[in-house]
2 protein chains.
Amino acid sequence: MKRIRLTVAYDGTNYCGWQIQPNGITIEAVLNDALTGLLGEPIRVIGASRTDSGVHALGNVAVFDMEASIPPERISYALNRRLPEDIVIVKSEQVPQGWHPRYCNSTKTYAYHILNAPVPDPTKRLTSYFVSYRLDIEAMRQAAEYLVGEHNFASFCNIKTNTEDMVRTVYDLQISEHPCCIEEGREIVILIRGNGFLYNMVRIIAGTLLRVGRGFYTPQQVENILKAQNRQEAGVTAPPQGLTLVNIQYEQ
Amino acid sequence: MKRIRLTVAYDGTNYCGWQIQPNGITIEAVLNDALTGLLGEPIRVIGASRTDSGVHALGNVAVFDMEASIPPERISYALNRRLPEDIVIVKSEQVPQGWHPRYCNSTKTYAYHILNAPVPDPTKRLTSYFVSYRLDIEAMRQAAEYLVGEHNFASFCNIKTNTEDMVRTVYDLQISEHPCCIEEGREIVILIRGNGFLYNMVRIIAGTLLRVGRGFYTPQQVENILKAQNRQEAGVTAPPQGLTLVNIQYEQ
C-alpha cells in the first residue's frame, strides 16, 4: 500500500465545492471516480481544504492509498487524461504512510480577486468580484495591518462553524493592484497567508476590507471589529468566485 | 423610428459565435429575443463583427431600429436585466437613421491572450491559450513589425472566406507581458489594431507569432510568409478562447 499526494488545480465554477454532496457534482467525487477507474481499485481521497462552491484552487492537496504499481509521479499524467478540463493534477508523489493533509502544520495562501472598473467584464465574472465604485487601496492596506498576527478571528468566521478554537495566525496580508491589460480599470488582489483559516474567513476579510475601501469603515474600525469577536461586526461575506486557494506549504 | 447602437461585451464560451445559427445559441439570437421582449416589437440587430464560437468581446457593436419611446440611453439598463450574465450591454445610444456598423470606416482592436506558464491554470482555460514552452518575446516583437502597415494578408486568412480584397492596414501590433498575479508564469497579450481583419486573421497571426516565439520560424520568415500570399505558409490558427474583440472606433 502506497500513500500518494496530489496537488490539484481547478475552476470551481461547475462544482458544488470540494466535499462530496448528495445532490451535485463535487471535485472530491470526480477525483474518486477518475482514480477508481484509472487504478482499478476503490479510491477515496482525503482533501486538505474543503473549498466552497464556486471557489477555485491552484494548489489544493489530497491524498489516497493504492495497491497499484503505477509509478507515483506518472499518476498526474494518466489522471489528467480522465479528468474534465476544469480539474488539473499539477503533481503526484508518494508520501509516508499515515501522512495526513489536514493534521500536519501548514501555511495556506489564498488570493481574492476584485475587478475594480467602470464596466463589468463578462469574461471575468466567474473568477473575480466586480466592484464599480472606486476603492481606496491605501485605506484597505492600513486596515489589513490590524489583521496580521495571532488573533481570535471569531468576527471573521461563519457562525455555522463547528470550530471552537478561533485563534489563527495571519503571516501576511498584501493588497496589490494591476492595471487591466485591455480594458479600463484595475485588478486588485488580496493575498493572505496564514497557518489556518476559519469557515469563510478569507471571504469575510475581503468583504470587510471592501467596506473600508468604499469608505464605510475607517481602517481603525477593523481593529475594533477584530476585538469584538462577533461576526455581526464585520462586513458581508464576499462572493465565492473571487477566491482562489493558491497553495498549501507543509512543514517537514 | 429610431436607430439605436449597442456596445456589447460577452463571454463567448457558451455561444456558437455572434451570427444566428440553425443549431445552437448565438449572441445575435439572444439579443434579438431580449430586445423583442423588452420593446414589444420584432427586433433584428445588425452586428459589426461576427465573432467565432468561443471568441469574447468587450466592445462589439450592433444596431437596430425601434418604434418604442424608451429613452435610448436607458435601453442598456433595461436590457441587462433580461440578458444572461455572460452578455452585458455597456452602452446604448441613438445614431442617425441608416448608420451601419459595417459600412462605416472604423478601427478595430483585438487582443489575443496567452498563458505562458509551466502548469495550466484551469480558471484561465476559457479566456487564454495555454503555452508551456518558453516563448521568445523579443523574436515575436521583431516578427510583428513586418505585419504593421498596408499589406495583402491572404497568408493570414482562412481559405473559406468570400472576401476578394485581402488588403488591410494594421496600424499597431504590440506584444506585452505581465507576470501572473498569483502563480508562476506570465500572461502575454498580443494587441492588434487595424482598419479591418480577414476571416481568422488575428488568430492566424497569433499562431504564426507563437511559432516564432518557439523558434520554429525566424522573425524574418514572417516577411516571406506575408509576401507569399498563401495561407499554407503561415502558422496554425490559434484557438478561439484566447481572442477578444476589444473595441471598434468609428470615424465621424
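Everything quoted here is computed from the prediction, not taken from an experiment.

Caption draft 1: Spotlight on the overall build of chain A. Counting its secondary structure elements, chain A contains five helices and ten strands. By the burial criterion, 39% of the 252 residues in chain A qualify as buried. Expressed as a percentage of contacts within chain A between residues at least 6 apart in sequence, the contacts between residues at least 24 apart total 72%.

Caption draft 2: Here's a closer look at the interface of chain B and chain A. Every contact between the two is made by 27 residues of chain B and, on the other side, 27 residues of chain A. When residues of the side of chain B that touches chain A are traced back to their parent elements, those giving at least two are β1 (2-10), β3 (56-66), β4 (87-95), β8 (167-179), β9 (186-194) and β10 (243-250) of chain B.

Caption draft 3: Highlighting the environment of B:Ile175. Residues and elements named next belong to chain B. Along the chain, the position of Ile175 falls in strand β8. Each C-alpha atom of the pair Ile175 and Leu210 lies 11 Å from the other, and the pair is 35 residues apart in sequence. Among residues more than four places away in sequence, those in contact with Ile175 are Ile137, Met140, Arg141, Ala144, Ile188 and Ile190.

Caption draft 4: Quick peek at the domain arrangement of chain A. Residue and element names in this part refer to chain A. Taken domain by domain, chain A consists of domain 1 (2-95) and domain 2 (106-250). One C-alpha centre belongs to domain 1, the other to domain 2; they are set 27 Å apart. Contact with domain 1, which involves 14 residues of that partner, is made by eleven residues of domain 2. Looking at the side of domain 1 that touches domain 2, its residues break down into five nonpolar, eight polar and one charged.

Caption draft 5: Up close: the relation of the copies chain B and chain A. Relative to chain A, chain B is turned by 180° and slid 0.0 Å along the rotation axis, the superposed coordinates differing by an RMSD of 0.0 Å. The transformation relating the two chain copies, once decomposed into turn and shift, fits a two-fold axis. A shared binding surface is used by both copies, with 100% of the interface residues of chain B retained as interface residues in chain A.

Caption draft 6: Representation of the nonpolar core within the structure. Of all hydrophobic cores here, the largest spans 62 residues; its most connected members are B:Tyr112, B:Met201, B:Val202, B:Ile205 and B:Leu209. Top element by residues in this core is helix α4 (residues 201-214) of chain B. It accounts for eight residues. For this core, the two domains that each supply at least three residues are domain 1 (2-95) and domain 2 (106-250) of chain B. The contact partners of B:Met201, leaving out residues within four places of it in the chain, are B:Phe153, B:Phe156 and B:Cys157. In terms of nonpolar packing, the next biggest core, distinct from the first, is built from 61 residues, A:Val8, A:Tyr10, A:Leu31 and A:Leu115 among them.

Caption draft 7: Geometry of the environment of A:Gln252. Residues and elements named next belong to chain A. As for its placement among the helices and strands, Gln252 is situated in the segment after β10 (243-250). Judged by local crowding, Gln252 falls into the exposed class, with 4 C-beta atoms found within 10 Å. For the pair Gln252 and Gly215, spaced 37 residues apart in sequence, the C-alpha to C-alpha distance is 43 Å.

Caption draft 8: Highlighting the confidence of the model for chain A. With 100% of its residues at a pLDDT of 70 or more, chain A shows a mean pLDDT of 97. Interface confidence for the predicted complex, given as ipTM, is 0.93, next to a pTM of 0.95.

Caption draft 9: Representation of unusual backbone geometry in the model. Residue and element names in this part refer to chain A. Its identity as a non-glycine residue notwithstanding, Asn200 has a phi of 65°, on the positive side. By secondary structure assignment, the location of Asn200 is in the loop between β9 (186-194) and α4 (201-214). Of note, Gln229 is a non-glycine position whose phi angle comes to about 50°, a positive value. Among the structural elements, Gln229 can be located in the loop between α5 (219-228) and β10. Assessed through the 15 C-beta atoms surrounding it within 10 Å, Gln229 is described here as partly exposed.

Caption draft 10: A look at the packing of helix α3 (residues 137-145) of chain B against α4(B). Residues and elements named next belong to chain B. Close contact between α3 and α4 brings their axes to 7 Å; oriented N to C, the two are set at 135°. Regarding the angle of α3 to α4, the classification is oblique. Here α3 runs over α4; the crossing is right-handed. Residues Ile137, Ala139, Met140, Ala143 and Ala144 of α3 form the contact with α4, whose own contacting residues are Leu209, Val212 and Gly213. When the residues that make up the contact of α3 with α4 are grouped by side-chain class, the tally is seven nonpolar, one polar and no charged.

Caption draft 11: Examining the environment of A:Gly59 more closely. All names here are of chain A. Within the secondary structure, Gly59 sits in strand β3 (residues 56-66). Among the residues examined, Gly59 registers 22 C-beta atoms within 10 Å and is labelled buried. Each C-alpha atom of the pair Gly59 and Ala206 lies 20 Å from the other, and the pair is 147 residues apart in sequence.

Caption draft 12: Quick peek at helix α3 (residues 137-145) of chain A. Residues and elements named next belong to chain A. Looking only at α3, the buried set comprises Met140, Ala143 and Ala144. Buried residues of α3 fall within an arc of 100° about the axis and therefore sit on the same side. More than 90 degrees from the buried face of α3, the exposed residues found are Glu138 and Glu145. Turning to α3, the residues buried within the fold contact β8 (167-179), α4 and α5.

What counts, and where the lines are drawn
- Residues numbered from 1 in each chain as written.
- Chains lettered and ligands numbered in written order.
- Predicted model: local features only at pLDDT ≥ 70, side-chain atom pairs only at ≥ 80, totals over all residues.
- Helix = DSSP H or I, 4+ residues; strand = E, 2+ residues; numbered from the N terminus.
- Buried ≥ 20, exposed ≤ 12 C-beta atoms within 10 Å, placed from the backbone.
- Contact = placed C-beta atoms within 7 Å.
- Domains from an automatic or database assignment.
- Nonpolar A, V, L, I, M, F, W, Y, C, P; charged D, E, K, R; others polar.
- Least-squares fit on C-alpha atoms with pLDDT ≥ 70 in both.
- Core = buried A, V, L, I, M, F, W, Y, C linked by C-beta atoms within 7 Å.
- pLDDT = per-residue confidence, 0-100.
- Axes fitted to C-alpha atoms, helices over the stretch in contact; angles between N-to-C directions.
- Parallel < 35°, antiparallel > 145°, perpendicular 65-115°, else oblique.
- Left-handed = near helix turned anticlockwise from the far one by under 90°.
- Arc of directions from axis to C-beta.

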